[in-house]
Amino acid sequence: MPKIIFYDFDNTLCLWKLAPAAKSQYESYVRDLLRRQGEQGIIRVIISTSTSLLGDIDTLQIASLIDGAFSVTYPMDKVATIVKVLTERALSPDDAWYFDDDFDCVEEARRCGIRSICVSPRQGILPHFKQGS
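Residues numbered from 1 in each chain as written. Predicted model: local features only at pLDDT ≥ 70, side-chain atom pairs only at ≥ 80, totals over all residues. Heavy atoms only, no water.

Estimates place the volume of the largest pocket at around 160 Å³. Taken together, 10 residues line the largest pocket, and the ones lying closest to its centre are Leu18, Ala22, Gln25, Tyr26 and Leu126. A breakdown of the residues in the lining of the largest pocket according to their chemical character gives six nonpolar, three polar and one charged. (1 Å grid on protein atoms, 1.4 Å probe; cavity = no way out; pocket = protein on both sides within 12 Å on 5 of 7 lines; lining within 4 Å. Points joined across faces, edges and corners; volume = space filled by probe spheres on them. Nonpolar A, V, L, I, M, F, W, Y, C, P; charged D, E, K, R; others polar.)

In structure tokens:
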């Protein structure tokens, strides 16, 4: 298991393209997953280009379930922010996982040695975690 997990917000933790009932079910899953990860001592950080990130986090009701949130201007700034957070916390790229729907960001993070997963904007992180983990 990782020591820290970085998540993009749009189309990763929050799936805007789902029908309301499916979106609500997915958001409940995300809250439960983030809660379990926190109980396991995993640091959870959101990095996004969303200009309304803090409001979006409040809307999703996950503010108390994450350990940090960063809004960046450009997509490729996400990886630089991840590297900065890892350095500040004395963690290595091997300690981190990163989930994003932007393939270029995922590839850049991989080049930095971070386990990175490109997610589907309609499935998000759901296929990448076992139920109950």
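That shown, we press on.
Here strand S4 (residues 96–100) lies mainly inside the structure; five of its five residues are buried. Across the two faces of S4 the burial is the same, with Ala96, Tyr98 and Asp100 and Trp97 and Phe99 all buried. Two strands pair when backbone bridges link them, and strand S1 (residues 4–7) and S4 are joined in this way by four bridges, in the parallel orientation. Within the sheet, the bridge partner assigned to Ile4 lies in S4 and is Ala96. For the segment spanning S4, helix H4 (residues 103–111) and strand S5 (residues 115–118), crossover handedness is right-handed. (Buried < 20%, exposed > 50% of the residue type's maximum accessible area, 1.4 Å probe, protein only. Helix = DSSP H or I, 4+ residues; strand = E, 2+ residues; numbered from the N terminus. Pairing = 2+ DSSP bridges. Right-handed = clockwise from strand over helix to strand, strands pointing away.)

Another point: helix H1 (residues 20–39). Over its 20 residues, H1 extends 29 Å from the first C-alpha to the last, a length consistent with the 28 Å expected when each residue adds 1.5 Å. Those residues of H1 not exposed but buried are Lys23, Tyr26, Glu27, Tyr29, Val30, Arg31, Leu33, Leu34, Arg36 and Gln37. Tucked inside the fold, the buried residues of H1 contact S1, strand S2 (43–48) and helix H2 (53–60). One or two positions beyond H1, positive phi appears at Gly41, with a value near 85°. (Expected span 1.5 Å × (residues − 1). Contact = heavy atoms within 4.5 Å.)

Summed over all chains, the structure comprises five aromatic pairs. Relative to Tyr29, the ring of Tyr26 has its centre 6.4 Å away and its plane inclined at 40°; by these criteria the two rings are tilted. Highlighted residues: Tyr26 and Tyr29, both in helix H1, separated by three residues, approximately one helical turn. Assigned by exposure class, Tyr26 and Tyr29 land together as buried. Here Trp97 and Phe129 contribute two aromatic rings whose centre-to-centre distance is 6.3 Å and whose plane-to-plane angle is 40°, an arrangement assigned as tilted. One end of the pair, Trp97, is in strand S4; the other, Phe129, is in the segment after S5, and 32 residues separate them in sequence. Given the relative accessible area of 8%, Phe129 is considered buried. Joined through ring pairs, the aromatic side chains of Tyr7, Trp97, Phe99 and Phe129 make up one cluster. Residue placement shows Arg115 over the ring face of Trp97; its charged tip is 4.3 Å from the ring centre. (Phe/Tyr/Trp six-rings, centres within 6.5 Å; stacked < 30°, edge-to-face > 60°. Lys NZ or Arg CZ within 6 Å of the ring centre and 35° of its normal.)

Alternating positions in S1 separate into two faces, Ile4 and Phe6 on one and Ile5 and Tyr7 on the other, with burial throughout. The pairing of S1 with S2 spans four bridges and is parallel. Paired with Phe6 across the strands is Val45, a residue of S2. Taken together, S1, H1 and S2 constitute a β-α-β crossover, and its handedness is right-handed.

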